Amino acid sequence: MRVLVIGGGGREHALAWKINQSPMVGGVFCIPGNGGIAEIAQCLRIDQSNSNALADFAVEKSIGLTVIGPEAPLVAGVADAFAKRGLKVFGPNRKAAQLEGSKIFAKYIMNKYGIPTARAELFADYNEAASYLESVDAPYVVKADGLAAGKGVFIAKSLEEAKDAIRGCLVEGKFGSAGQRVIIEEYLDGPELSVLAFSDGKNVLPMVPAQDYKRAYDNDAGLNTGGMGSYSPVPIVDPALYDEIVEMVLRPTINGLASEGIEYRGIIYAGLMLTKSGPKVLEFNARFGDPETQAILPRLESDILEPMLAVADGDLSGVELKWKSDVCTTVVLASGGYPGDYATGFEIAGLEEAASIDGVTIFHAGTRGSNGKIVTSGGRVLNVSALGEDFSQARERAYAVIGKVHFENMHFRKDIALRAASR
Ligand code: AMP
Ligand code: GLY
């Protein structure tokens, strides 16, 4: 079977890599892909939100399954267009993807079906939002309703900052229609956790837990990024807590959506805060996490095509996932300046030598091929994923590899999985 992956980041490289290992697969295509994906898949450019052009391509190339990586094409309804044309697709349809595409919709579902989350109020008017902010205490949490490429969440320490955030959304229109409504929610404290599961709309098949690092610098200093590293499993989560999250969060969300007439088929990803009063949902994503996927998939023993096809066909019952006992650590190598301005086009040296280290896979994110060389083309450039018997070994391997790779202004965190290693 031929498989098409839509997207071009580290997550999609990990997906294409894992899919390519399936004995069922006889060729992978990727739109648009990147410099690393191009080594295992045929990459080409088609607008990711042009459902018809994508579906035409899938027909022309006899694609047996299309896997949609990023949120934008999901929210734009690419899965609906594929389903309408009888093409097999992995990823929720437009209505189901609202779980990520609208924070207000997600709150509505969580409140209606008793899923633990931060208390929140919804506003479309600046003055009403501002006077509400005056009635609550810092820190303030303001979120644009719609997709904002990870930039729509504000944790403000002062009232002024919080008002700037709502002004940006509601008055200045910084996020366009995605910021026409905002939610202001209760601030939650505790360690964060990402839980991802396959769902066919009825059944939930959880993957192993992962943790990601959102801040740019060591010890969680600096700005929020798309993610600077990740690891799996998460030692602070014991099996009882994990079961509780599956039973109290994932299952009731899928069942709640089903009672609303929404069949959720794809990955459901809950971003959680483990508060003193139990796990609470910060957000849902309708897709694999980036860079969590790069730490989860190297641990997956099973053929990933099996659950993917089962989800696409609407029946996951009977599918099981087998995991390696090895842990995995993923370190992101970023362009200097990221998440702010950065330069690209720098040659990446040492990739071949680095690839020879045991237990390590290098997933490309912002790279492209240029005259037989690999050069940087984005903020997050490479993801070094290292398996190990424990986190000390995984960290040692990952950082040994990083010592061999180089590009101009390369920047990375040195503390990925450090706490997990010292437990
Ligand atoms: P989100 O995109 O909703 O996951 O938010 C991005 C990041 O903002 C999260 O990973 C948290 O670190 C932080 N965050 C979001 N909501 C809250 C909240 N209610 N309380 C504290 N931190 C939050
Ligand atoms: N790692 C966070 C995300 O994928 O949204």
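All of the points below concern the structure found in this document. (Residues numbered from 1 in each chain as written. Chains lettered and ligands numbered in written order. Predicted model: local features only at pLDDT ≥ 70, side-chain atom pairs only at ≥ 80, totals over all residues. Heavy atoms only, no water.)

A few points about the site of ligand 1
Taken together, 14 residues lie around ligand 1, and Glu-185, Glu-186, Leu-188, Glu-192 and Glu-283 are the ones closest in. Contact distances for ligand 1 include 2.8 Å between a nitrogen atom and a side-chain N or O atom of Glu-185. Relative to its free-state accessible area of 470 Å², ligand 1 is covered by the protein chains to the extent of 88%. Broken down by secondary-structure element, the contributors of at least two residues to the shell around ligand 1 are β7 (140-144), β8 (153-156) and β15 (278-285). Its residues placed into classes, the shell around ligand 1 shows seven nonpolar, no polar and seven charged. (Near = heavy atom within 4 Å. Polar contact = N/O pair within 3.5 Å; in protein donor to acceptor, adjacent residues only side chain to side chain. Areas by Shrake-Rupley, 256 points an atom, 1.4 Å probe, with all protein chains shown as cover. Helix = DSSP H or I, 4+ residues; strand = E, 2+ residues; numbered from the N terminus. Nonpolar A, V, L, I, M, F, W, Y, C, P; charged D, E, K, R; others polar.)

Looking at the sheet that holds strand β11 (residues 204-206)
Sheet strands pair via backbone hydrogen bonds, and the direction of the pair is either parallel or antiparallel. If you trace the four strands from one edge of the open sheet to the other, you get β11-β10-β14-β15, paired in antiparallel fashion. Two strands close off the open sheet at either side, each with one partner strand: β11 and β15. Mean inter-strand twist for the sheet, computed between neighbouring axes without regard to direction, equals 35 degrees. Direction of pairing for strand β10 (residues 192-200) relative to β11: antiparallel, over a ladder of three bridges. Looking at the pairing, Ser-199 lines up with Val-204 of β11. Against the sheet, helix α11 (residues 305-313) engages β10, β11 and β14 (265-275), with an angle of about 60 degrees to β10. (Pairing = 2+ DSSP bridges. Axes fitted to C-alpha atoms, helices over the stretch in contact; angles between N-to-C directions. Contact = heavy atoms within 4.5 Å.)

A word on unusual backbone geometry
The omega torsion of the bond from Ser-232 to Pro-233 falls at 0 degrees, within 30 degrees of zero and hence cis. Relative to the helices and strands, Pro-233 resides in the loop between β13 (221-232) and α9 (239-259). Going from Tyr-338 to Pro-339, the amide bond is cis rather than trans, its omega being 10 degrees. Turning to its location among the elements, Pro-339 is positioned in the loop between β16 (327-335) and α12 (351-354). The residue Asn-409 is not glycine, and still its phi comes out positive at about 65 degrees. Phi angles above zero are rare outside glycine, and Ala-417 is one such case at about 65 degrees.

Thoughts on the pattern of salt bridges
Under the defined criterion, the tally for this structure stands at 23 salt bridges. Salt-bridge contacts for Asp-290 lead to Arg-380; the nearest nitrogen and oxygen are separated by 3.8 Å. Of the two residues, Asp-290 sits in the loop between β15 and α10 (292-296) while Arg-380 sits in strand β20 (residues 380-388), which places them 90 residues apart along the sequence. Across this residue pair, the class does not change: Asp-290 and Arg-380 are buried. Asp-415 is paired through a salt bridge with Arg-413; the nearest N and O atoms lie 2.8 Å apart. (Salt bridge = Lys/Arg side-chain N within 4 Å of Asp/Glu carboxyl O. Buried < 20%, exposed > 50% of the residue type's maximum accessible area, 1.4 Å probe, protein only.)

A look at the site of ligand 2
Ligand 2 sits among Asp-212, Tyr-269, Asn-285, Arg-287, Gly-289, Asp-290, Pro-291 and Glu-292. Within the side chain of Arg-287, one N or O atom sits 2.8 Å away from an oxygen atom of ligand 2. The backbone of Asp-290 places a nitrogen or oxygen atom 2.9 Å from an oxygen atom of ligand 2. Classifying every residue of the shell around ligand 2 gives two nonpolar, two polar and four charged.

Purely geometric numbers; function is a separate question.
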